[in-house]
Amino acid sequence: MYTKDVGPEDVGPAPKLLEPASLTSLDTLEPFSLLGVRVSYLDTFIKQCGGRQKLKGLTTTDTCNMFVKPLTEPSRQSLCSDLLKAGSPAVGRATWFISHAWAYEFLGKNCLSSDVVDAIQYHFHEANIADVFLQYVKDKTAPDPVVWFDLFSNSQHDTSVKPYTWWSGTFTNAIKELGNVLMILHPWNDPVTITRAWCVFELLACKITNSHFDVVVPPRHRPAFRESLRDDPGQFHRMLMAINTKDSRAFKPEDRLAIHRAVKEWSDGEFNVMDRMVFKALNDWMVVELGTYIMETEHAGDELEHVAWLLTLADLWADQGEHDKAEEPLLKSLDKLTALLGSEHVGTIQCVHRLGNVYASLGRYAEAEHLLLRAYYGANWIFGEDGRGAILIAKSLAEFYGSVGKDDKAEPLLLLIVERARRILGEDDPVTIGAVGDLASLYDRQGKYDEAEKLALDCLERGRRVLGEDHPDLLGGAANLAGIYLEQEKFDLAATMFMDCMNKMTRLFGGNHPDVIGVRTSLASVFGRKGEYDKAETLYKFNLRKAKKELGADHPVTIANLSSLGLMYREQEKLDLAEPFLVELWEARKRTLGAEHEDTITVAEMLEELRELREGPAPQEGEEEKTGRIASVAGAASSEKEGNDAGFVKDEANTGQGNEDFATGQLTNKRAKSGFWETWFGCLTGGRNAN
């Protein structure tokens, strides 16, 4: 059973809760009956209606009109109220709220298989067989929970429109009293429930009250659900991306207006925050669902199926930017695939490719290069150089070389990839579009801005035509184009595009995703290039704190912000402020690239220049003495920086809500190349991996 606490997790900008009415006790507001029916009553109700054959193919709305309303016409109360008056043991105080769409089939076209009824019974019985067994052993009875199902719990003769205070107070408190919400998700890849304003608000009330949120896919659809998810994990990600709570509908326009008002009140008028909350709730459910499949296949001894689910989980983590979590299932998969299929099997090579990309995203460059080269040569041997799989892996290798400043290796490989992709896959294939976008990024780094702009625009136009206007895969390309405009000193246009990308990415991925922090870094670069240093400083510091906390000290995005702060302070001749950030950058470069790497040496030379500006030229000394002296300076500066950390936190807190506003937006850290920026551009992270 999935019982995720939809509580205080980060879902983007800090939302505002509803008005104080939402905390008022139930007895001071319009009554909300907490009566529900036991799950076992569902079969009793079906018999009362004449059996399954009578309900065959009917929706919940049809069932209401044809059976529930006639049954309750004498009292014009809810069916639960009638059962209570009759002394039926089937009614009681509910502990679960059922979130569903009235358009769902009550029993399905096949009278032996249903949607709503079977989904509820499956969730509380078959899906939780361990809980059922434990309770049976304890007291010799099977659990029979009481569910609040509006078909039975509400009077179907009361069609009055609920006022806003009912939504913001009575209903929200009722969800809190019930404590659990179960959403029926169907079709799983385009769920009707998420398009209904009522269901959206039910999920919001669950969030506000820190209640448990569960999801169930109707049992007759579960085999197709599992097969689709295993064969194409991207379907789930695409389903999330299509959700837009602002477009949610209700049968009564007045209900829709009241619900949307409550949502906007909670989220400061931003439906994007609500979208992100829905994404997170469903993503958390999917993680638990995949964990169940992983355990089931492991216990069954089906090792290849077990690996398939491990890889699906790894893809899910990677899509969410949580690459550190993707590592473990990938390592397990690689070990099993190597043992079962051999190191040169296509499945093994594809797993190596995935793991190499994860290490590249984490800044573990030596491991990434080793794995990507292994995948590259393996794919060429398996697919041939012109095979789609080989082109895709070669693209990842070229992206990696570009991200670590090895454009001498990236350029010839990219030119070859673009030629092959255009010839074999066609101009409009997503792989081709991405490869051309990578070439645009390369030309941008080389200062060929006109060529870069032309290619980037072509990528965006083709991508929108092939994938759709707002497809998430296009956001990286849009951010890259914004970076080109930054280099062309079209600052206003660049800032507008970065802000648009940041907002869209935050809606999809949340404020802590590495790509979101990366775009905020690029936006800060716009301010720095314009000479608006206060704005740039505020944003860089905010990004650095976020990146360290969420991604780690050696992540490329963290390093990019360290570099940017140090460079900006040096540009302003604030040497004492620049030094600790550059020292930290030097240490991170040594850990990730090695002491002899060009970027590490560049930062060391910057530190030496700072010392000379303060103390004058150093006496003649050998490389060993010079390295030792820089290390000594680094140690002292690091100690000083640690002592100032509390002040850093205070400064960040004092920036006010404006800082939080930046938490709302792909890694496109642009290398500013004017004045001092041009001298030291090599120490910035150049990774722009998503196109």
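A. Structural context of the overall build of the protein chain. Secondary structure assignment for the protein chain yields 32 helices and 7 strands. Taken across its 691 residues, the protein chain has 55% of its residues classed as buried. Carbon and sulfur atoms make up 52% of the accessible area of the protein chain, which totals about 28900 Å².

B. Up close: the side chain of His-123. Here His-123 is to be found in helix α5 (residues 116-124). At 3.2 Å, the side chain of His-123 forms a polar contact with the side chain of Asp-214.

C. Unusual backbone geometry, seen in detail. Note the cis peptide between His-186 and Pro-187, where omega equals -15 degrees. One non-glycine residue, Arg-76, lies in the positive phi region at around 55 degrees. Position of Arg-76 among the secondary structure elements: in the loop between α3 (60-72) and α4 (79-85). Taking relative accessible area as the criterion, Arg-76 reaches 43% and is therefore assigned partly exposed. Phi at Asn-210 is positive, roughly 55 degrees, even though this residue is not glycine. Residue placement: Asn-210 occurs in the loop between α9 (197-208) and β7 (212-216).

D. Up close: helix α14 (residues 303-319). Taking 1.5 Å as the rise per residue, α14 with 17 residues should run 24 Å; its terminal C-alpha atoms sit 24 Å apart, in good agreement. Most of α14 is tucked away, with 12 of its 17 residues classed as buried. Inspection of α14 places His-306, Val-307, Ala-308, Trp-309, Leu-310, Leu-311, Thr-312, Leu-313, Ala-314, Asp-315, Leu-316 and Trp-317 among the buried residues, and these make up the whole buried set. Contacts made by the buried residues of α14 are with α10 (222-231), α11 (234-241), α13 (271-300), α15 (323-341) and α16 (346-361). Note on α14: the residue one or two positions beyond its end, Gly-321, has a positive phi of about 80 degrees.

E. Fine view of the packing of aromatic side chains. The tally for this structure, following the rule as stated, stands at 20 aromatic pairs. Arranged with centres 5.9 Å apart and planes meeting at 35 degrees, the rings of Tyr-569 and Phe-581 form a pair that is tilted. Here the residue Tyr-569 occupies a position in helix α26 (residues 556-571), and Phe-581 occupies one in helix α27 (residues 575-593), the gap between them amounting to 12 residues. As far as the burial class goes, Tyr-569 and Phe-581 line up, both buried. Site record: aromatic cluster; members linked through ring pairs are Phe-32, Phe-97, Trp-148, Phe-171, Trp-198 and Phe-201. Above the ring of Tyr-293, the side-chain terminus of Arg-226 is found at 3.9 Å from the ring centroid.

F. Representation of the nonpolar core. One finds Phe-213, Leu-229, Phe-236 and Leu-282 to be the most contacted residues of the largest nonpolar core, which totals 157 residues. No other element matches α13, which puts 14 residues into this core. Sequence-distant contacts of Leu-282, that is, excluding residues within four places in its chain, are made with Leu-185, Ile-194, Phe-213, Val-215, Phe-236, Met-239, Leu-240 and Ile-243. Membership of the second largest hydrophobic core comes to 37 residues, among which are Val-39, Cys-64, Val-68 and Leu-83.

G. Examining the pattern of salt bridges more closely. The full count for this structure, using the stated rule, is 41 salt bridges. Linking Asp-554 and Arg-591 is a salt bridge whose minimum nitrogen-to-oxygen distance equals 2.6 Å. Of this pair, Asp-554 sits in the loop between α25 (533-550) and α26 while Arg-591 sits in helix α27; the two residues are 37 residues apart in sequence, bridging distant segments of the chain. The network of salt bridges with shared partners includes Glu-385, Asp-386, Glu-419, Arg-420 and Arg-423.

H. Layout of the environment of Gly-384. Inspection of the secondary structure assignment puts Gly-384 in the loop between α17 (365-383) and α18 (388-403). Note on Gly-384: relative accessible area 25%, which makes it partly exposed.

I. The arrangement of the packing of α10 against α14 in detail. Their axes nearest at 9 Å, the elements α10 and α14 cross at an angle of 70 degrees. Relative to α14, the element α10 is oriented roughly perpendicular. Where α10 abuts α14, its residues Arg-226, Leu-229 and Arg-230 lie against Glu-305, Ala-308, Trp-309 and Thr-312.

J. Main features of the packing of helix α19 (residues 407-424) against helix α20 (residues 430-445). At a minimum axis distance of 9 Å, the contact between α19 and α20 shows a crossing angle of 150 degrees. Our classification of the angle between α19 and α20 gives roughly antiparallel. In terms of crossing hand, the pair formed by α19 and α20 is left-handed. On α20, the residues touching Asp-407, Glu-411, Leu-414, Leu-415, Ile-417, Val-418, Ala-421 and Arg-422 of α19 are Thr-432, Ala-435, Val-436, Asp-438, Leu-439, Leu-442, Tyr-443 and Arg-445. A per-class count over the contact of α19 with α20 returns 10 nonpolar, 1 polar and 5 charged.

K. Main features of the side chain of Thr-193. Relative to the assigned elements, Thr-193 resides in the loop between β6 (180-184) and α9. In this structure the side chain of Thr-193 is engaged in a polar contact, spanning 3.4 Å, whose partner is the backbone oxygen of Ile-184. In this structure Thr-193 touches Ser-99, His-100, Ala-101, Tyr-104, Met-183, Ile-184, Leu-185 and Cys-199, once residues within four positions along its chain are discounted.

L. Representation of the environment of Thr-496 within the structure. Looking at the secondary structure, you find Thr-496 in helix α23 (residues 491-509). C-alpha of Thr-496 to C-alpha of Ala-482: the two residues are 14 residues apart in sequence and 8.3 Å apart in space.

M. Quick peek at α13. The end-to-end C-alpha distance of α13 is 43 Å, a good match for the 44 Å that 30 residues give at a rise of 1.5 Å each. Most of α13 is tucked away: 21 of the 30 residues are buried. Phi turns positive, to about 75 degrees, at Gly-301, one or two residues after α13.

N. Quick look at a nonpolar patch on the surface. Judged by side-chain polarity, Leu-304, Leu-340 and Leu-341 come together as a nonpolar surface patch covering roughly 240 Å² of accessible area. Relative to the helices and strands, Leu-341 is located in helix α15. When its relative accessible area of 34% is taken as the criterion, Leu-341 is described as partly exposed.

O. Highlighting the pairing of strand β4 (residues 96-99). Covered by surrounding structure in β4 are Trp-96 and Ile-98 together with Phe-97 and Ser-99, the residues of both alternating faces. Where β4 lies against strand β5 (residues 146-148), 2 bridges are found, and the strand directions are parallel. Each bridged residue has a counterpart across the sheet, and for Trp-96 the counterpart in β5 is Val-147. As paired elements, β4 and β6 share 3 bridges and run parallel to each other. Paired with Ile-98 across the two strands is Leu-182, which belongs to β6.

P. View of the confidence of the model for the protein chain. Averaged over every residue, the pLDDT of the protein chain is 81; residues scoring 70 or more account for 80%. Note that residues 1-30 has pLDDT below 50 and, in this model, 93 contacts with residues that lie over four places away or in other chains. Contacts from residues 641-691, a stretch scored under 50 in pLDDT, to residues over four places away or in other chains number 155 contacts.

Q. Expanded view of the environment of Ala-452. Topologically, Ala-452 is positioned in helix α21 (residues 449-467). Along the backbone, Ala-452 and Val-436 are 16 residues apart, and their C-alpha atoms lie at a distance of 9.6 Å. Setting aside residues up to four positions removed in sequence, Ala-452 forms contacts with Ala-440, Tyr-443, Asp-444 and Ile-484.

Calculation criteria
Residues numbered from 1 in each chain as written. Predicted model: local features only at pLDDT ≥ 70, side-chain atom pairs only at ≥ 80, totals over all residues. Heavy atoms only, no water. Helix = DSSP H or I, 4+ residues; strand = E, 2+ residues; numbered from the N terminus. Buried < 20%, exposed > 50% of the residue type's maximum accessible area, 1.4 Å probe, protein only. Areas by Shrake-Rupley, 256 points an atom, 1.4 Å probe, with all protein chains shown as cover. Polar contact = N/O pair within 3.5 Å; in protein donor to acceptor, adjacent residues only side chain to side chain. Expected span 1.5 Å × (residues − 1). Contact = heavy atoms within 4.5 Å. Phe/Tyr/Trp six-rings, centres within 6.5 Å; stacked < 30°, edge-to-face > 60°. Lys NZ or Arg CZ within 6 Å of the ring centre and 35° of its normal. Core = buried A, V, L, I, M, F, W, Y, C linked by side-chain atoms within 4.5 Å. Salt bridge = Lys/Arg side-chain N within 4 Å of Asp/Glu carboxyl O. Axes fitted to C-alpha atoms, helices over the stretch in contact; angles between N-to-C directions. Parallel < 35°, antiparallel > 145°, perpendicular 65-115°, else oblique. Left-handed = near helix turned anticlockwise from the far one by under 90°. Nonpolar A, V, L, I, M, F, W, Y, C, P; charged D, E, K, R; others polar. Patch = residues over 30% accessible without salt bridge, like charges linked within 9 Å, V, L, I, M, F, W, Y side chains within 5 Å. Pairing = 2+ DSSP bridges. pLDDT = per-residue confidence, 0-100.

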